Amino acid sequence: KNRKPIERSRDFEALLKNEDRIFMNQLTVYGGIKKPYWYRTIQLKIGLWIFSLNGTYRSTKGQLSGIETIHFARWSIFNNGKNVMFLSNFDGAWEIYLSEFIDRSAAAMNLTFGTTVGYPKVKGFFGGGAHDEQAFKTVVRNNQYPCQVWYSAYPQLTVKNILNNQKIRQFLSGTSKESTAAWLKRF
């Protein structure tokens, strides 16, 4: 069942009202997949498979594609491959979060978001699309919806703070190989 379009002005105000209340924010983006559905769904699934390999083997130390501000990211394809949703929790402001994606993984954004209706025209995955910063941010904002519920175990801590605290605990428990001088610098 296709979702009924919501009045953007009301949604936009709700989005802004719920942003930056704590250091972490959330992003919920919902979009329609371009036709032909079968082709774009295959493209999206390949992109998500590549992401899963990256997450399993490369992005395991508090960074996703070199971005240190992401707590959580999830893609879901539904409605028989006609719609997609992206959910994420991240440190800092919305504008900075999207700028990091543009700076560090625009090609990945083109591979995934590029399958959706309204996304800026992609030229061979590496050109256009997310490289057009304002167009990319506009399409994300236009397809963003307020999240009714989301949870933060550490609302006042960044990913860097959490990882630093982990290193402090490891040293105190005797499981760290860090020198005392390096450990003291963590404070």
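All of these numbers come straight from a predicted model, not from anything done at the bench.

**Some remarks on the pattern of salt bridges**
Evaluation of the coordinates by the stated rule reveals four salt bridges. For the salt bridge of R141 with E19, the shortest nitrogen-to-oxygen distance reads 2.6 Å. Taken together, the residues R141 in helix α4 (residues 133–142) and E19 in the loop between α1 (8–18) and β1 (24–32) connect sequence positions 122 residues apart. Look at R141 and you get buried, because its relative accessible area is 12%. Among the ionic pairs, E95 bridges to K137, the shortest N-O distance being 2.7 Å. A residue pair is termed long-range when its members are at least 10 positions apart, and E95 in helix α3 (residues 94–112) and K137 in helix α4 qualify at 42 residues. Residue E95 is classed as partly exposed on the basis of its relative accessible area of 40%. Members of the salt-bridge network, linked through shared partners, are E95, E133 and K137.

**A few points about the sheet that holds strand β3 (residues 83–91)**
Read from one edge of the open sheet, three strands run β1-β3-β2, paired in antiparallel fashion. The open sheet terminates on both sides in strands that have one partner only, identified here as β1 and β2 (70–78). Going across the sheet, the axis of each strand differs from the next one's by a mean of 10 degrees, ignoring polarity. One ladder, built from eight bridges, connects β2 with β3; its direction is antiparallel. Bridge assignment links I70 to a residue of β3, and that residue is F90. α3 contacts β1, β2 and β3 of the sheet and is inclined by roughly 140 degrees relative to β3.

What counts and what doesn't
Residue positions are given per chain, counted from 1 along the sequence in the order it is written. pLDDT decides what is reported in this predicted model: residues at 70 or higher carry local features, side-chain atom pairs at 80 or more are listed and counted, and totals for whole chains, interfaces and linings draw on all residues regardless. Note: side-chain values were computed over all heavy atoms of the structure, leaving out hydrogens and water. Salt bridge, as used here, is a side-chain nitrogen of Lys or Arg placed within 4 Å of a carboxyl oxygen of Asp or Glu. Secondary structure elements follow DSSP: runs of H or I no shorter than four residues count as helices, runs of E no shorter than two count as strands, and numbering proceeds from the N terminus. In this scheme, a residue with accessible area under 20% of its type's maximum is buried, one over 50% is exposed, and one in between is partly exposed, where area comes from a 1.4 Å probe on protein chains only. Strands are treated as partners if at least two bridges between them are detected by DSSP. Lines fitted to C-alpha atoms define the axes, with helix axes restricted to the stretch in contact, and inter-axis angles between N-to-C directions lie between 0 and 180 degrees. Pairs of residues are marked as contacts when any of their non-hydrogen atoms sit within 4.5 Å.

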